[in-house]
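Notes for the structure review
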Amino acid sequence: MRRADRLFQIIQILRRHRKPLTADAIAAELETSKRSIYRDIATLMAQRVPIRGEAGVGYVLEGGFDLPPLMLTADEIEAAVIGAQWVTGRGDPTLARAAQDLLAKIAAAIPERLRPIVLDPASLTTTGRNMPVDRVDMSSVRAAIHSGHKVLLDYRDGQDRATNRTIWPVTIGYLETVRMLVGWCELRQDFRHFRTDRIDAVTVLDDRIPERPAALRVKWRKTLTHRDKTAP
């Protein structure tokens, strides 16, 4: 790898991580020596790239610096294509359209020599044609997750019994054959999973969730880990 390419990749690696990353970890990913990484970091700092840290502790890329957003490698473009294909087949209609728009924007912005990766991709995903159709627009639920608001669900369980639940939405899981809304249920005082195709109506409430969505996601993952460990 040319040194100029390695400098670019170091910035990419640091941009990918929020916590300090050691020179050992960077060197292992780039298959080079730790000494070379130290020299490269010093060069980037001298060029006023806002890298904070020191040898033996780790490095982070501070805010206020970015690379042009569409300086993408061929592998990065293909990863975006595969992800967009998957969302097109399994996301709700709003996300599916957004994924198609994303591919069109990438194809229009990248160099012509890379355009076949988008227009005639070498990798394909399955279409997800068996995904059930949602009865409500889930974009409002995604907005509630981002804004930290409670939602009221009119829901039908597997036996077609109607119920009303006020939940603190945590995340929407896009699985192979179904989409699941995960939330803290005020009725059950626990995390519950709701199939999105069984939601008859959703109302975003004015009440805000008393915890940050990121903190709720951490708690939810811990409950999954605990259930896995205690399962027979």
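In this report, we go over the structure that sits alongside the text. (Residues numbered from 1 in each chain as written. Predicted model: local features only at pLDDT ≥ 70, side-chain atom pairs only at ≥ 80, totals over all residues. Heavy atoms only, no water.)

As for the overall build of the protein
- Broken down by element type, the protein carries eight helices and seven strands.
- Overall, the C-alpha framework of the protein stretches about 65 × 40 × 40 Å when taken along its three principal axes.
- Counting the 232 residues in the protein, one finds 35% classified as buried.
- Across the protein, every contact between residues at least 6 apart in sequence was considered, and the portion connecting residues at least 24 apart equals 59%.
- Put simply, the protein has 37 plus and 29 minus side-chain charges, and the middle of one group is 4 Å from the middle of the other. (Helix = DSSP H or I, 4+ residues; strand = E, 2+ residues; numbered from the N terminus. Buried < 20%, exposed > 50% of the residue type's maximum accessible area, 1.4 Å probe, protein only. Contact = heavy atoms within 4.5 Å. Lys, Arg positive; Asp, Glu negative; His and termini not counted. Charge placed at Lys NZ, Arg CZ, Asp CG, Glu CD.)

Re the environment of Ser 140
- You can see Ser 140 is positioned in helix α7 (residues 139-147).
- Using a relative accessible area of 27% as the deciding quantity, one classes Ser 140 as partly exposed.
- Each C-alpha atom of the pair Ser 140 and Val 202 lies 8.3 Å from the other, and the pair is 62 residues apart in sequence.
- Sequence-distant contacts of Ser 140, that is, excluding residues within four places in its chain, are made with Val 202 and Val 204.

Focus: the sheet that holds strand β3 (residues 149-156)
- Here five strands make up an open sheet; going across it, the order is β6-β5-β4-β3-β7 and the pairing antiparallel. Edge positions in the open sheet fall to β6 (190-195) and β7 (199-208), since each of these has one partner strand only. Neighbour-to-neighbour, the strand axes of this sheet turn through a mean angle of 45°, independent of strand direction. (Pairing = 2+ DSSP bridges. Axes fitted to C-alpha atoms, helices over the stretch in contact; angles between N-to-C directions.)

Things to note about the packing of helix α1 (residues 3-16) against helix α2 (residues 23-30)
- Between α1 and α2, the least distance of the axes is 11 Å, while the angle of their chain directions is 120°. Judged by the angle between their axes, α1 and α2 are oblique. For α1 against α2, the interelement crossing comes out right-handed. Between α1 and α2, the contacting residues are Arg 6, Gln 9, Ile 10, Ile 13, Leu 14 and Arg 16 on the first element and Ile 26, Glu 29 and Leu 30 on the second.
- Looking at the contact of α1 with α2 residue by residue, the class counts come to five nonpolar, one polar and three charged. (Parallel < 35°, antiparallel > 145°, perpendicular 65-115°, else oblique. Left-handed = near helix turned anticlockwise from the far one by under 90°. Nonpolar A, V, L, I, M, F, W, Y, C, P; charged D, E, K, R; others polar.)

Quick notes on the pairing of strand β5 (residues 179-185)
- A large share of β5 lies buried, amounting to seven of its seven residues.
- In this structure, strand β4 (residues 162-174) lies alongside β5, joined through seven bridges in antiparallel fashion. Bridged to Gly 173 within β5 is Met 180.
- The hairpin turn running from β4 into β5, its antiparallel successor, is four residues long.
- The turn linking β5 back onto β6 is made up of four residues, and Gln 189 within it adopts a positive phi angle of 55°.

Section: the environment of Glu 29
- Mapping Glu 29 onto the fold places it in helix α2.
- Note: C-alpha distance between Glu 29 and Ile 10 (19 residues apart in sequence) is 9.6 Å.
- Not counting residues up to four positions away in its chain, the partners in contact with Glu 29 are Ile 13 and Arg 16.
- Looking at Glu 29, its side chain comes within polar contact range of the side chain of Arg 16, at 3.0 Å. (Polar contact = N/O pair within 3.5 Å; in protein donor to acceptor, adjacent residues only side chain to side chain.)

Details of the pattern of salt bridges
- Inspection of the entire model under this criterion finds 15 salt bridges.
- Among the ionic pairs, Asp 24 bridges to Lys 34, the shortest N-O distance being 3.6 Å. One end of the pair, Asp 24, is in helix α2; the other, Lys 34, is in helix α3 (residues 34-46), and ten residues separate them in sequence.
- Classification of Asp 24 as partly exposed rests on a relative accessible area of 46%. (Salt bridge = Lys/Arg side-chain N within 4 Å of Asp/Glu carboxyl O.)

Focus: unusual backbone geometry
- A positive phi angle, near 55°, is found at Glu 31, a position not held by glycine.
- Following the sequence through the fold, Glu 31 ends up in the loop between α2 and α3.
- Since its relative accessible area comes to 75%, Glu 31 is described here as exposed.
- For Arg 48, which is not glycine, the phi dihedral falls at a positive 70°.
- Along the polypeptide, Arg 48 turns up in the loop between α3 and β1 (51-54).

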